Amino acid sequence: MVASSVKILLIEDNSAEARLLQELLKQAQSKEFSLVHVKRLQAALQELNQDTYDVILLDLTLPDSQGLSSLPRLINHAPSLPIVVLTNTNDEELAIEAVRQGAQDYLLKRQVNVDVLVRSVNYAIERKQVLETLRTVNETLQTRVEERTAELVKAKELNQFKSEFVSMLSHDIRNPLNTILLAAGLLQNNDEQLSKEKKHNHLQMIRSAIKNVAQLLDEVSLIGKADSGKLQFQLSPLDLEAFCRQLVEETQLTLKDKHLTLIFASFGELGEAVWDESLLRHILGNLLGNAIKYSLPNGKVTFELFGQENTVIFRIQDWGIGIPENDQKQLFQPFHRADNVGKIPGTGLGLAIAKKCVDAYGGEIAVNSEVGVGTTFSVTLPLIKI
Ligand code: ADP
């Protein structure tokens, strides 16, 4: 609805015409009109910055703007304000073009009387309001459609991810189960012929296959817990440096025949702080294990700890096979393994777990790697002092 008092900005360089319109509006009985008159487009733009209006009456021949060029500038400046174009009888075509380009209506000056003027102004305001409403509805619909599309894409991706997850998991479980079946079969069918040593080997294969499955299931269940927000913290006071040294020693034991130099160093103050030992083990154990696993024989792995005021940085560096750039973005996705792993065993879950644990801490994990040069993982965790 058009309000009972209507504020008009008249842009007209001819003072006599302006006065005439002013007079006509005074005769209007249906409502009150207040009119501000400017002679140039520039003045109109300034006026629009300072005050609010209900409608613009625009003469198409102005000293500083000719023909239709005023229109886009006004529409740009005040997109929701209706515009009625005023024109002389001989340029009606121009006026029609103005309406095509966004004006709400046009008035031929010589035919203007109070009724025509009031009707046109009201009509312009109402039409613009309807258009604005339509535009808002359209925008809302557009946003809804976009949101819904994004939801559907996400749901589809999630479904795809779930089925990939299940198929990777089945594959990774089937492999050790096959080993178990095979070794058990060998033991059963060749019991008499097998030497004690062979039997021992087969049993060992069975044991390690079972261990692999158990570890895989532990890892999957940890990811599941993290995804459903059930990863729980158990913070307790911990001598971080001693903990890391111990972790390095334990890792050293797993090196077996792989000849590698493992170096640990700690810098800065760590103070007395609380940590969740199990989450730390998942993060650092996986990173250290990978650094070793993907190192070349006779290589070196360094593990450095930097104590800072409010954070601790753990940096684990190797000079091993490195990670191709393409794979680096997806490293933290479960089951993702880079193209260059060759026969090096792995499930592709370690980094996904490390990342989830780092996230649970509110920390950050970053990787810097080059194929054939080596890899550095840096983890930054907040220091919770006691
Ligand atoms: P995996 O069980 O395969 O080691 P992870 O989730 O721990 O699984 O790591 C994912 C992949 O990231 C690995 O398969 C490997 O391609 C790559 N990667 C991780 N750490 C390193 C590293 N230190 N050097 C080279 N590649 C690495």
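Residues numbered from 1 in each chain as written. Predicted model: local features only at pLDDT ≥ 70, side-chain atom pairs only at ≥ 80, totals over all residues. Heavy atoms only, no water.

Going by an unreviewed UniProt entry, the protein chain carries the name histidine kinase and comes from Nostoc minutum NIES-26. Within the UniProt record for the protein chain, the comment given under Catalytic activity (unreviewed entry) is "ATP + protein L-histidine = ADP + protein N-phospho-L-histidine." Note on the protein chain: under the UniProt heading Function (unreviewed entry), the record states "Photoreceptor which exists in two forms that are reversibly interconvertible by light: the R form that absorbs maximally in the red region of the spectrum and the FR form that absorbs maximally in the far-red region." (UniProt positions renumbered as here; feature names shortened; annotations may be inferred.)

Draft legend 1. Fine view of the pairing of strand E13 (residues 364–370). The sheet contact formed by E13 and strand E14 (residues 374–382) spans 7 bridges and is antiparallel. Within E14, the position partnered with Asn368 by the bridge is Thr376. (Pairing = 2+ DSSP bridges. Helix = DSSP H or I, 4+ residues; strand = E, 2+ residues; numbered from the N terminus.)

Draft legend 2. Focus on the packing of aromatic side chains. By the definition in use, this model includes 7 aromatic pairs. Relative to Phe335, the ring of Phe165 lies with its centre 4.9 Å away and its plane at 70°, an arrangement referred to as edge-to-face. In this pair, Phe165 sits in helix H5 (residues 114–189) while Phe335 sits in the loop between helix H9 (325–328) and helix H10 (350–361), placing the two residues 170 residues apart along the sequence. Measuring from centroid to centroid gives 5.3 Å for Phe233 and Tyr361, while their planes differ by 85°, and the two rings are edge-to-face. With Phe233 in the loop between helix H6 (196–227) and strand E8 (236–238) and Tyr361 in helix H10, this pair connects stretches of sequence that are 128 residues apart. An aromatic cluster is defined as three or more aromatic residues linked by ring pairs; in this entry it consists of Phe233, Trp275, Phe314 and Tyr361. The ring centre of Trp319 lies 4.8 Å from the NZ or CZ of Lys300, which sits over that ring. (Phe/Tyr/Trp six-rings, centres within 6.5 Å; stacked < 30°, edge-to-face > 60°. Lys NZ or Arg CZ within 6 Å of the ring centre and 35° of its normal.)

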